[in-house]
Each structure stands twice: as structure tokens, then as C-alpha cells.
Protein chains: 2
Amino acid sequence: MAGAATSAIKSVLTRHLHASPGSKKIVGVFYKANEYAALNPNFVGCVEGALGIRDWLESQGHQYIVTDDKEGPNSAIAHRAYDLEGKTVGTVGAGRIGKLLLQRLKPFNCNLLYHDRLKMDPELENQIGAKFEEDLDAMLPKCDIIVINTPLTEKTRGLFDKDRIAKCKKGVLIVNNARGAIMDTQAVADACSSGHVAGYSGDVWFPQPAPKDHPWRYMPNHAMTPHISGTTIDAQLRYAAGTKDMLERYFKGEEFPPQNYIVKEGKLASQYQ
Amino acid sequence: MAGAATSAIKSVLTRHLHASPGSKKIVGVFYKANEYAALNPNFVGCVEGALGIRDWLESQGHQYIVTDDKEGPNSAIAHRAYDLEGKTVGTVGAGRIGKLLLQRLKPFNCNLLYHDRLKMDPELENQIGAKFEEDLDAMLPKCDIIVINTPLTEKTRGLFDKDRIAKCKKGVLIVNNARGAIMDTQAVADACSSGHVAGYSGDVWFPQPAPKDHPWRYMPNHAMTPHISGTTIDAQLRYAAGTKDMLERYFKGEEFPPQNYIVKEGKLASQYQ
């Protein structure tokens, strides 16, 4: 779309590198965005926006001729697509999964934040390149994207209710890697409908399997999957090896590795409290 | 699916940590995979595969009771989903975009390979963590995933023809970030139909816009988009600023930055040769 326009301009320019003095005619060729053009002031890569350089060109005495005489689909989709680069991404929870997320986002040059009960040790924090946010409610309005990586506990059940979602930036994207019940189901559906949340995605529902009338099946701008993300072939081989290992230890009367306990001697493991 | 089974086993085990001697009954609860169970020998996270531990349990004198008495959808999707971690990913072309890809894949713990005309300088290669493959045809059979990041030139036009695709590993995934004409259209469609290529994705077509009868619209296991990936709002603002900068330099009779030339004084820039 605008890319093709830029190429066209480039090709004209490179034929005659040095401009003769005086007024020039500049031709810009774009796709039409139609009714989508007005939805975002930065949607400049369309015939309606015309790269936003008309005033500048005309103020210099040049003529700017803009045309949509170009084959191809229109630019509807482009008015709400963004780069990840440069955006502020916050994780709620920075345990094993939250840390992996931060490490994998680092080369995308985002501004990374994390909220957790514990601050990482400074060396790890520096290597991961994320900033600690002690107060969740103070982190939320800073984030373009919020990723939930905290276990479901009595403290996190319903954590994202109507009030907390209202604290997020308008247009936030929320990715829930954790458990459906961390969200207030109807509050998420309402925020997606109003546009306060620009996108909600996750693999987890509450209840699960999701009933046919679950609001997240019908809300706009969701990218939900039916709890399938943990079932790769590689993960199945890990489950199988892990189950065999636990049974083997059990038959021999050996202890399990501490991270494998959910409940031990009647006590819930610390990460689930 | 298998995750729930593992949890069930965990919960049983943690109630009585130490096994009494003698034969035990082990209960595994899984979803059914039905006709998909036979499609992959490593698809063990279903009632048919039952984690692949039956022989081992029975050889120790235990009983293994496997049931699908569990609510929820079946596991059809799981027989061909894989983790990126641990896979061999090769890029054809390691210029600006290929290098960014490699840098961003690094924390996913893949085995990274690159084919290019030039080997990177050793320090950069080490920082990126990718291994140089001088011979494209020698790299292809090693890759689980091939990503094409090379410009379209007279040398790369039709580079992935029937013979070259045949050199790829059976079940390879191909991602084309570059130009549609680097591929032989029909050879890609045939390889997706036969299953030799397990997935083909890209944003680029040849010709473009793709005619209604373009074979890639109808081949199985494609994830094609209609050339939209460069049109984020952030990219549009970059085009606009770049176009303004080039026009400004042109009006002033200044040179452009070298990377902005496609043709200069009748000569194609080196990256397009």
C-alpha cells in the first residue's frame, strides 16, 4: 500500500537525482481505505491520508497529485495493525513462564515491565531487561499489551474485574496465558465490545470446556483457542517422560523434585498460595 | 489433555507419597484422538497412546487402567502441533531482515542456520548464534523450518522449484517473508498437497494481487495473507517520514543514504543483483 507508493516515488527520484529549481509535481499512488481512513489519525498509508505530506509539499510551492489508480485490495485491515517494537508490554506474574516471555520479547525492543510478589535479583533483571512494578494498578495504565502469567489462586481469582480493566490504557491488548477464572468473564466481553480492550486472546476459559453460550465465543476482537496450546507432540513426550519419572520415584519410595508438588503433606505448594 | 491426566496422577500420588510394596493399579484419564491417533507415533497424550507407558508398567507387574471418561473436545489438533524450541530453523538470506529474525529466534532455543552470499563477521555470528551454510542445498535437508528472507533477483526467481523443495525434509514448514516469485507456484501447491511440505505461509504472492484461481488460495495447510504485513500504523508513519526525507534531499540536491537506492546511475543496488 504505502510501500508501493514509496517505491514509485523512489523510482521517479532516482532517474533524475538532482532537482531543477522551482515548483515540482509529486505523484503519490495509494490504495483506498474508504470508511476506515477516518478511524485512526495515523492511518496515513492510503489515498485519503496520502502520507500526511500534502501541507508540507504545498507550503513549499509544489503540487501533490494523489491517485488510487492501482490494482489490489483496499487497506481496511491497516488502520488497527501495530508493530510490537517500541510498545510497552507488562506481564502479571514473572515466574518460570513470565520470565521466558520476557526473555523472548527482549530482541523485539519493547519496553518490558513485570509485576510479581518478588523483585528478581538485579543481575537477572538486568539480563532480562524488564522493570519491576510493585503495584499492579500502577503498571496497568502504562501497558499497550498485558500478558497474564500468574497461577489461579484465591488472590488472583477474578483479579481482572470491571474496575481493574478500566485502569488499563484504552486500546490495550490482553493475552491470558494462565487461567480463565483470573478474569471476570462479562467484564472482558463488555470491554471488548466497547473497544476499551482492543483485543483479548487466550487458550483458557472458565468454566472449561466453555459452554456454547460463553460470552467470549461471541465478543468482538477475540483470538481464543479451546485449551490446545499445551498439547504439542513435544509437550506430550515431556508429559510422558515426567509421568514415568514420577511413577518410578513413587514405586521406589523416593521424593519428587520440589517443583513437581502441587500439594505436599496437605499443604499447597507456595506458588499456588 | 495429557496435562489433565498428569495432574490426576500427581494428585493421587501426593496423597500417599510412599508406595506399599507389590502390584499397583494406575489410572490414566485422557481425551480420545480417534482416527488421528494413528497419524503420529509420538501422539501419546490421548487415550489411544496413553503416554506410551503401558508396556513399562505391565513389565513391572502393575495394572494400567486407561479411560476416556472425561468431558471436553477431542485431541484432533494435537497430532501435528510442535514446539519451536529445539527445532532447526534455517534462513535463506541473512541481510537486515534475516538477521533480525535470527536475533529474535535466539531466546527460543532453536538450532539456527543461515545461507547467504556472505558469512557474517565471527563476532556477530557468535552473538546471533547461527551457523553459516555456504551451500543452500546442503542446508535444506537439515531444517524443520525454512524462512525465506532474500530479495527477488534474477538469481532467486524460481529458486524453490520442484527439485529444491524435494531436497527439504519431509514435513518441513516454509515461511516466505520475501517475494512470491522466489517460489514455483505449482511446486509449492503440489508439495503441500502431498504433505512433503507440512505448512506454507507468507504474505506475498506472484502475481500480485493473486488471481481468484491462484493455487495457493486452495492448497491445504497454507497460512497466506494478502500482502498486508508491512502496513502497520507504525510502518505507515515510517514510510511517511522516509518519503518526506527523500523529497527534502531531492529538492536540496542532496544524496540519499546508500541503503535507500534501488537504482543509482542506471545500476541496480548490490542487494538486488
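None of these values were measured; they are calculated from a predicted model. (Residues numbered from 1 in each chain as written. Chains lettered and ligands numbered in written order. Predicted model: local features only at pLDDT ≥ 70, side-chain atom pairs only at ≥ 80, totals over all residues. Heavy atoms only, no water.)

K.L.:
I would appreciate a short explanation of the pairing of strand 8 (residues 197-202) of chain A in the present structure.
P.N.:
Looking along a regular strand, one sees the side chains alternate between the two faces of the sheet. Residues and elements named next belong to chain A. Most of strand 8 sits inside the fold, with five of its six residues counted as buried. Bridging between strand 7 (residues 172-176) and strand 8 involves five bridges; their strand directions are parallel. Looking at the pairing, L173 lines up with G199 of strand 8. Crossover handedness for the path strand 7 to helix 7 (residues 185-194) to strand 8: right-handed. Bridge count for strand 8 against strand 9 (residues 222-224) is three bridges, and the pairing is parallel. By the bridge assignment for strand 9, S201 is matched with A223. (Buried < 20%, exposed > 50% of the residue type's maximum accessible area, 1.4 Å probe, protein only. Helix = DSSP H or I, 4+ residues; strand = E, 2+ residues; numbered from the N terminus. Pairing = 2+ DSSP bridges. Right-handed = clockwise from strand over helix to strand, strands pointing away.)

K.L.:
Would you mind going over the sheet that holds strand 4 (residues 111-115) of chain B with me for this structure?
P.N.:
Sheets are built from strands that pair by backbone hydrogen bonding, the pairs being arranged parallel or antiparallel. Residue and element names in this part refer to chain B. The parallel open sheet is built from seven strands, whose spatial order is 5-4-3-6-7-8-9. Since the sheet does not close on itself, it has two edges, and those belong to strand 5 (130-132) and strand 9 (222-224), each with one partner. Averaged over all pairs of adjacent strands, the angle between strand axes in this sheet comes to 15°, irrespective of strand direction. Sheet analysis places strand 6 (residues 145-148) next to strand 7 (residues 172-176), joined by four bridges and oriented parallel. Bridged to I146 within strand 7 is I174. (Axes fitted to C-alpha atoms, helices over the stretch in contact; angles between N-to-C directions.)

K.L.:
Just to check I follow, could you spell out helix 7 of chain A for this structure?
P.N.:
Because the α-helix completes a turn every 3.6 residues, residues three or four places apart line up on one side. Residue and element names in this part refer to chain A. All of the buried residues along helix 7 are T185, A187, V188, A189, A191 and C192. Those residues of helix 7 that are buried lie in contact with helix 6 (162-167) and strand 8. Count one or two residues on from helix 7 and you reach G195, which has phi positive near 90°. (Contact = heavy atoms within 4.5 Å.)

Fair warning: the whole summary comes from geometry, so function is off the table for now.
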